[in-house]
Amino acid sequence: MLQAKITAYAKINLVLDVLRKREDGYHEVAMVMQAVDLHDTIHLKEAERNWITTNNRHIPMNMNNLAMRAVTLMQREFSGQVPKLEVTLEKQIPVAAGMAGGSTDCAAVMLGINQICNLGLTQKELEYLASQLGSDIPFCIGGPTALATGRGELIEPLPECPELHLVLVKPPFGVSTPKVYGNLRIHEVAEHPDVQQCIDGLKAGDKAQVLNAMGNVLERSTFELQPKVEQIKNGMLACGAEHVLMSGSGPTVFAAFAEQSQAEQYYNKLRRQYPGAVLTRTISKKQLDERVENYGRK
Ligand code: C5P
């Protein structure tokens with residue numbers, strides 16, 4: 001029986017800039033994306049029929065789940081080579097959080113199928129297939145640090161981010177990505193983040209430069225829709241962090257630190273206010289490359 005276990009890492013956006021609204025309804029973006037240690041675990045097992053189970057009751061347990069759509073896409077594209085599969089999702093990444101939780105599960109399923117079925121697809125080929133299911137999924141195929149352009153699906157690897165330590169707060173509600181983009185009035189955005197400064201910082205391995213370049217033009221739009229997110233950001237700044245940013249379209253907000261000890265101290269303080277805060281860190285290419293455990297035929 002074909003079986004695999006895949007670690008599906010969450011992401012944050014160190015920089016998220018929106019350049020313009022496109023004719024197809026999407027927005028042209030330039031984002032520096034970074035994989036983090038917070039992850040879901042996915043088990044794939046050959047089965048009599050396609051089937052999904054999860055420990056999280058907020059996830060749709062049907063064919064609309066992105067992980068399941070990855071299974072059916074791969075079966076359609078490689079008919080006869082991909083058997084029916086049971087997918088088990090052990091969720092830890094918060095849902096509708098701006099951390100690509102659904103996208104990373106979807107990418108993990110595609111990577112797992114590629115290995116257990118010996119499809120031999122290259123990263124670029126997988127990214128192309130992944131782009132059919134969502135804009136953030138191609139990044140989740142590669143990573144751990146990349147520039148994403150177009151609607152987010154065009155991925156260019158960047159030098160690995162020097163290890164940053166992160167404290168995340170996910171408010172007890174989700175936000176809808178289409179609503180956040182829909183509420184954005186891009187021509188009114190006066191200040192755009194400096195994507196190049198972040199890239200230069202990564203090239204130089206300069207943590208301070210990367211931290212200083214952090215920015216997200218979607219913050220204002222999400223804050224208008226959910227003022228609580230801005231309150232959380234302000235609360236996190238007031239608690240003593242210098243670099244605090246919303247990830248993606250939100251509502252997760254993270255504080256980033258150069259040193260582990262700084263992040264731990266901050267986490268212990270912040271937890272009094274936000275008991276659900278999560279301490280994590282950015283991950284290396286080596287850690288990402290070890291994410292698929294292929295148990296082969298058992
Ligand atoms: O591609 P994905 O399904 O993740 O996008 C969800 C929605 O978010 C899109 O339908 C669109 O409304 C919005 N979006 C956008 N520009 C992007 C990415 C997403 O307007 N670059």
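If you're wondering where the values come from, they're calculated on a predicted model, not measured in any experiment. (Residues numbered from 1 in each chain as written. Predicted model: local features only at pLDDT ≥ 70, side-chain atom pairs only at ≥ 80, totals over all residues. Heavy atoms only, no water.)

Right, let's talk about the site of the ligand for a bit. Taken together, Gly25, Tyr26, His27, Val29, Gly134, Ser135, Arg151, Thr177, Pro178 and Tyr181 are the residues near the ligand. Residue His27 places a side-chain N or O atom 2.8 Å away from an oxygen atom belonging to the ligand. Take Arg151: an N or O atom from its main chain is 2.8 Å from a nitrogen atom of the ligand. Surface burial for the ligand is 72%, taken as the share of its 450 Å² of free accessible area covered by protein chains. Every element with two or more residues in the shell around the ligand is listed here: strand 2 (27-46) and helix 5 (177-183). For the shell around the ligand, the element with the highest residue contribution is helix 5, accounting for three residues. (Near = heavy atom within 4 Å. Polar contact = N/O pair within 3.5 Å; in protein donor to acceptor, adjacent residues only side chain to side chain. Areas by Shrake-Rupley, 256 points an atom, 1.4 Å probe, with all protein chains shown as cover. Helix = DSSP H or I, 4+ residues; strand = E, 2+ residues; numbered from the N terminus.)

With that settled, the discussion passes to the pattern of salt bridges. For the structure on display, the rule yields 15 salt bridges. Between Lys124 and Glu127 there is a salt bridge whose closest N-O contact spans 3.0 Å. Of this pair, Lys124 and Glu127 are both found in helix 3 (residues 123-131), three residues apart, which corresponds to roughly one turn of the helix. One network of salt bridges, with partners in common, ties together Arg20, Arg22, Asp24 and Glu28. (Salt bridge = Lys/Arg side-chain N within 4 Å of Asp/Glu carboxyl O.)

Running from amino to carboxyl end, helix 2 (residues 101-116) crosses helix 3 at an angle of 135°, the nearest separation of the two axes being 11 Å. Between helix 2 and helix 3, the angle falls in the class oblique. The interaxial crossing formed by helix 2 with helix 3 has right-handed handedness. Side by side, helix 2 and helix 3 meet where Met110, Leu111 and Asn114 of the first sit next to Leu126, Leu129 and Ala130 of the second. Of the residues assigned to the contact of helix 2 with helix 3, the class counts are five nonpolar, one polar and no charged. (Axes fitted to C-alpha atoms, helices over the stretch in contact; angles between N-to-C directions. Parallel < 35°, antiparallel > 145°, perpendicular 65-115°, else oblique. Left-handed = near helix turned anticlockwise from the far one by under 90°. Contact = heavy atoms within 4.5 Å. Nonpolar A, V, L, I, M, F, W, Y, C, P; charged D, E, K, R; others polar.)

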